[in-house]
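# Observations on the three-dimensional arrangement
Read off the chains here:
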Amino acid sequence: MSTPGSNVSIPLPLAPSVPPFPRGVGRIPVVKVEPVIEGGAYAAQAVVGEAFPVSARVFREGHDALGARVVLTSPDGQESLYPMTQIWPAGLDIYEAWVTPDSQGRWTFRVEAFSDPWRTWLHDARIKLDGNIDEELVWGQAQQLLETFAQQTWSTDRSTSTKLKTLLKTHFADGFTSTSTTFLQELIADQDILERLERNPLCELLSPTADFPLWVDRRQALFSSWYEMFPRSQGAKKTKTGWTSGNFTSAAGRLKSIAAMGFDVVYLPPIHPIGSAFRKGKNNTLTPEPGDPGSPWAVGNKDGGHDAIHPDLGDFDSFASFVAQAKKLGMEVALDFALQASPDHPWVTSHPQWFTTRIDGTIAYAENPPKKYQDIYPINFDQDPEGIYQECLRLIEFWVDKGVTIFRVDNPHTKPLQFWAWLMAEMRLRHPDVLFLAEAFTRPEMMHGLGKIGFHQSYTYFTWRTEKWELEEYLTQLAGEMAPFYRPNFFVNTPDINPYYLQDGNQAGFAIRAILAATMSPSWGMYSGYELFEHAAVEGREEYLNSEKYEYRPRDYSATPNLTGLITSLNRLRQEHPALQSLRTIRFHDTANDQIIAYSKTAGEDRLLMVVSLNFTETQEGHLHLNYDALGLDHTKEIHVRDQLSGQEWIWGTEAYLNLYPAHPAHILVITQP
């Protein structure tokens, strides 16, 4: 471009290559917002009525005060505001608020930072008034701010607006006077005014983050007590000619006792027809005897597949009666969802493309060398994904229509995460009350991934965490960084896992693990036989000898000794105490003995302290140092503790002496402070 009458070329300004304000940076910067899962690709998880923390780093230039708040938005668009406070250590600019959603569905949350002129004025006014500096200016600034507050609060907080207008009329109408400085000092110290204005901040330079996703499930997704049983064993009888299987009718007779122990979920292994080809015999042998029932996880034969019931167990009417009886007793039925097939499954002939064919022309069976499962064909999800996806959705909805509200998914880590993400999303849209438990004992990232894409609960490493340091480390992870996406279910045993810790049958060991599971995790579970101290193991392995997976195992549940009384007490305490229904507030307390673990949980005024010996053969003694701050207690006062297991009561300070022994290996203490 040239100017008129000149041959000089003047370049135009270059267009900016980036916007003048970088995206993601507000006027008041907000960074490192939590809980945000994979940058917001997946929703953080909570349940109705569950308080959880939202945190962020919030900072700004200079010395003016700032504020921050969480905006929680419900599925119907209603917004709730939660003021954030700066938490220790202050120099890291960490702000936090605990928020509580009150309904199911798809929520969002965001953090809003803002300049806070009132707190800026308070800070400067204290310094200037103490030094007799710019008093009239300070007075004028107060007048301007109070006028703005009075106008802002007129429609939302009429009493505050009225009070401010009275102050303005009384202390500012005549201008700056000899008493104005005294009034300003009184204003600074007025806690009522301070609280009112903090409830109604001016929020200048408002800087919101993006809205991040949050999915809120029903309460059972977090808090539940599971009991696993094989219907075929309940009522099974052996005669001279062989076994007669139990069925849904005989199994329903066991439900009243399970409910009486306080369980609210009864979980059934697969109830479908079982394949004959390569059927496993007792103790997982390859040579079954006539009448051996086979593994329920070898799904399918000529009688049908995943949408059929094993004829020995009954029909759909008897299953409906079983579900109805469980519901009448306050329990839900969880059904195993095992995405695999026996060689006899109808899919093998109708959909051979759903399986992997080896170079020798045979279909690949499941194996985890050196383990082989010749009676099970895994599904190949890459060969007909649309067909497999739709069939799996059909099967889930088939059983939902039959009254199943929870699915325990067998080995989900051997199927693509992409598939589970799709299925979880579909089910949350179609049947948001239906819950899924991931049975995955595998690498951490895969277990985390299953939680992130939507599984409501997950099995854990608890079974193998027996030392104090590893329990504390693991629970700290579960209650902290993993809490937004991973809800643990602490099973003390499963048909597949007979832990080494329990294999000598010591009754105190069974009690210790039950106490830990039931009080550490909001959800816990046990496989039938645990209450009878069953422990016979395959030598050198964490497997049950004479496993119920391969044979009938009827039991005499009235036999003594048994753990029924303790289990009933644990489940009763879990129902009575909100503190035991969550995980996020767990805190560990120092003991002078590595064989004694102490931890607390709180929910408002409900405070519980668990002190558990980890040694089931010897008496353990030591001192306990209580963290009063973790319990929200007054450091100047003693506390009253009452053991919910023994009924004993004590008055404690910050130090207590412990004496635990195998016959009484734990305290579950309710804490009150007069």
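Residues numbered from 1 in each chain as written. Predicted model: local features only at pLDDT ≥ 70, side-chain atom pairs only at ≥ 80, totals over all residues. Heavy atoms only, no water.

### Some words on the pairing of strand E14 (residues 265-268)
Side chains Val265 and Tyr267 project from E14 onto one buried face, and the interleaved Val266 and Leu268 project onto a second face that is buried too. Taking the sense of rotation as the criterion, the β-α-β connection linking E14, helix H7 (residues 316-328) and strand E15 (residues 332-337) turns out right-handed. (Buried < 20%, exposed > 50% of the residue type's maximum accessible area, 1.4 Å probe, protein only. Helix = DSSP H or I, 4+ residues; strand = E, 2+ residues; numbered from the N terminus. Right-handed = clockwise from strand over helix to strand, strands pointing away.)

### Looking at the side chain of His577
Tracing the chain through its elements places His577 in the loop between helix H14 (564-576) and strand E25 (587-591). Sequence-distant contacts of His577, defined by excluding residues within four places in its chain, comprise Asp606, Leu608, Gln644 and Val670. (Contact = heavy atoms within 4.5 Å.)

### Structural notes on the environment of Gly540
Residue placement: Gly540 occurs in the loop between strand E24 (523-527) and H14. Separated by 40 residues in sequence, Gly540 and Tyr500 have C-alpha atoms that sit 8.8 Å apart.

### A look at the environment of Lys256
On the secondary structure map, Lys256 appears in helix H6 (residues 248-260). The exposed category is assigned to Lys256, whose relative accessible area is 61%. Between the alpha carbons of Lys256 and Met331 there is a distance of 9.9 Å; along the sequence they are 75 residues apart.

### A short note on the nonpolar core
Judged by nonpolar contacts, the single largest core of 135 residues is most densely connected at Leu268, Phe407, Trp420, Leu516 and Trp524. Sort the elements by how many residues they give to this core and helix H13 (residues 507-520) lands first, with 10 residues. (Core = buried A, V, L, I, M, F, W, Y, C linked by side-chain atoms within 4.5 Å.)

### Some words on the packing of aromatic side chains
Here a ring pair, both rings aromatic, is described through the centre-centre distance and the interplanar angle of the planes. Inspection of the entire model under this criterion finds 40 aromatic pairs. Among the aromatic residues, those joined into a ring-pair cluster are Phe337, Phe381, Tyr389, Phe407, Phe419, Trp420, Trp422, Phe436 and Phe455. Sitting above the plane of the Tyr557 ring, Arg254 keeps its charged end 3.5 Å from the centroid. (Phe/Tyr/Trp six-rings, centres within 6.5 Å; stacked < 30°, edge-to-face > 60°. Lys NZ or Arg CZ within 6 Å of the ring centre and 35° of its normal.)

### Digging into the packing of helix H9 (residues 385-400) against helix H10 (residues 417-430)
When two helices pack together, their arrangement is given by the angle between their axes and by how far apart the axes lie. Where H9 contacts H10, the two axes come as close as 11 Å, and the packing angle between them is 40 degrees. In terms of axis orientation, H9 runs oblique to H10. Where H9 crosses over H10, the two elements pack in a sense that is right-handed. Facing Tyr389, Gln390, Cys392, Leu393, Ile396, Glu397 and Val400 of H9, the residues of H10 in contact are Gln418, Phe419, Trp422, Leu423, Glu426, Met427 and Arg430. A per-class count over the contact of H9 with H10 returns nine nonpolar, two polar and three charged. (Axes fitted to C-alpha atoms, helices over the stretch in contact; angles between N-to-C directions. Parallel < 35°, antiparallel > 145°, perpendicular 65-115°, else oblique. Left-handed = near helix turned anticlockwise from the far one by under 90°. Nonpolar A, V, L, I, M, F, W, Y, C, P; charged D, E, K, R; others polar.)

### Looking at the sheet that holds strand E23 (residues 489-491)
Taken in spatial order, the eight strands make up an open sheet running E22-E21-E20-E15-E14-E11-E24-E23, and their pairing is parallel. Only two strands of the sheet have a single partner each, and these edge strands are strand E22 (457-458) and E23. Sheet topology note: the strand E21 (residues 435-439)/E22 ladder contains two bridges and is parallel. Its bridge partner being in E22, Ala438 is matched across the sheet by Ser458. (Pairing = 2+ DSSP bridges.)

### Thoughts on the pairing of strand E7 (residues 94-99)
With six bridges connecting them, strand E3 (residues 52-58) and E7 associate as antiparallel partners. Bridge assignment links Arg57 to a residue of E7, and that residue is Ile94.

### Considering the packing of helix H1 (residues 117-130) against helix H2 (residues 135-152)
At a minimum axis distance of 10 Å, the contact between H1 and H2 shows a crossing angle of 160 degrees. Classified by the angle between their axes, H1 and H2 sit roughly antiparallel to one another. The chirality of how H1 crosses H2 is left-handed. Residues Pro117, Trp118, Trp121, Ala125, Lys128 and Leu129 of H1 form the contact with H2, whose participating residues are Glu135, Val138, Gln141, Ala142, Leu145, Leu146 and Phe149. Grouping the amino acids of the contact of H1 with H2 by side-chain chemistry returns 10 nonpolar, one polar and two charged.

### Observations concerning the confidence of the model for the protein
Should the pLDDT be low somewhere, the predicted coordinates at that spot are not to be read in detail. Model confidence for the protein is summarised by a mean pLDDT of 95, while 96% of its residues fall at 70 or above. Scored below 50 in pLDDT, residues 1-19 shows nine contacts in the model against residues more than four places distant or in partner chains. (pLDDT = per-residue confidence, 0-100.)

### Considerations on the side chain of Gln340
Relative to the assigned elements, Gln340 resides in strand E16 (residues 340-341). One polar contact links the side chain of Gln340 to the main-chain carbonyl oxygen of Trp297, over a distance of 2.9 Å. Excluding residues within four positions of it along the chain, Gln340 makes contact with Trp297, Val299, His306, Ile376, Tyr377, Ile379, Asp410 and Lys415. (Polar contact = N/O pair within 3.5 Å; in protein donor to acceptor, adjacent residues only side chain to side chain.)

### A word on the sheet that holds strand E32 (residues 666-672)
Pairing in this open sheet of eight strands is antiparallel, and the strands run E30-E29-E32-E27-E26-E25-E28-E31 from one edge to the other. Strands with a single pairing partner mark the edges of an open sheet, and in this sheet they are strand E30 (649-652) and strand E31 (655-660). Strand after strand, the sheet turns through a mean of 30 degrees between neighbouring axes, direction not considered. Pairing geometry for strand E29 (residues 639-643) and E30, over four bridges, is antiparallel. Along E30, the bridge assignment pairs His640 with Ile651. Of the strands in this sheet, E25 and strand E26 (596-603) touch helix H12 (residues 468-479), which is tilted by about 155 degrees from E25. On top of the sheet, H13 reaches E25, E26, strand E27 (606-613) and E32; it is set at about 30 degrees to E26, its chief contact.

### Quick notes on H1
The periodicity of an α-helix, 3.6 residues per turn, causes residues three or four places apart in sequence to face the same way. Compared with the 20 Å implied by 1.5 Å per residue over 14 residues, the 20 Å span of H1 between its first and last C-alpha is a close match. As for H1, its buried residues are in contact with strand E8 (105-115), H2, helix H4 (180-189), helix H5 (191-199) and strand E9 (204-208). Just downstream of H1 lies Asn132, where phi reads positive at about 55 degrees. (Expected span 1.5 Å × (residues − 1).)

### Description of the pattern of salt bridges
Counted by the stated rule, this structure contains 33 salt bridges. Here Lys302 ties to Asp303 by a salt bridge, and the two come within 3.5 Å at their closest N and O atoms. Residue classification places Lys302 among the exposed positions, given a relative accessible area of 77%. Here Arg572 makes a salt bridge to Glu576, at a shortest N to O gap of 3.2 Å. You can see Arg572 and its partner Glu576 sitting in helix H14, four residues apart, about one turn around the helix. You can call Arg572 partly exposed: its relative accessible area is 37%. Here Glu576 falls in the partly exposed class, since its relative accessible area comes to 45%. Among the charged side chains, a network of salt bridges with common partners joins Arg69, Glu79, Arg110, Glu112 and Asp211. (Salt bridge = Lys/Arg side-chain N within 4 Å of Asp/Glu carboxyl O.)

### Describing helix H11 (residues 444-452)
Counted residue by residue, H11 has seven buried out of nine residues, so it is predominantly covered. When we look at burial in H11, the residues that qualify are Met446, Met447, His448, Gly449, Leu450, Gly451 and Lys452. Buried residues in H11 make contact with strand E2 (44-47), H10 and E21. Positive phi appears at Gly454, one or two residues downstream of H11, with a value of about 130 degrees.

### Quick word on unusual backbone geometry
A cis amide bond links Pro369 with the next residue in sequence, Pro370, at an omega value of 10 degrees. For the bond running from Thr560 to Pro561, omega is 0 degrees, close enough to zero to count as cis. Mapping Pro561 onto the fold places it in the loop between E24 and H14. For Glu38, which is not glycine, the phi dihedral falls at a positive 50 degrees. By the element assignment, Glu38 lies in the loop between strand E1 (30-34) and E2. Look at Asp134: it is not a glycine, yet its phi comes out positive at around 50 degrees. Mapping Asp134 onto the fold places it in the loop between H1 and H2. Judged by its relative accessible area of 40%, Asp134 is partly exposed.

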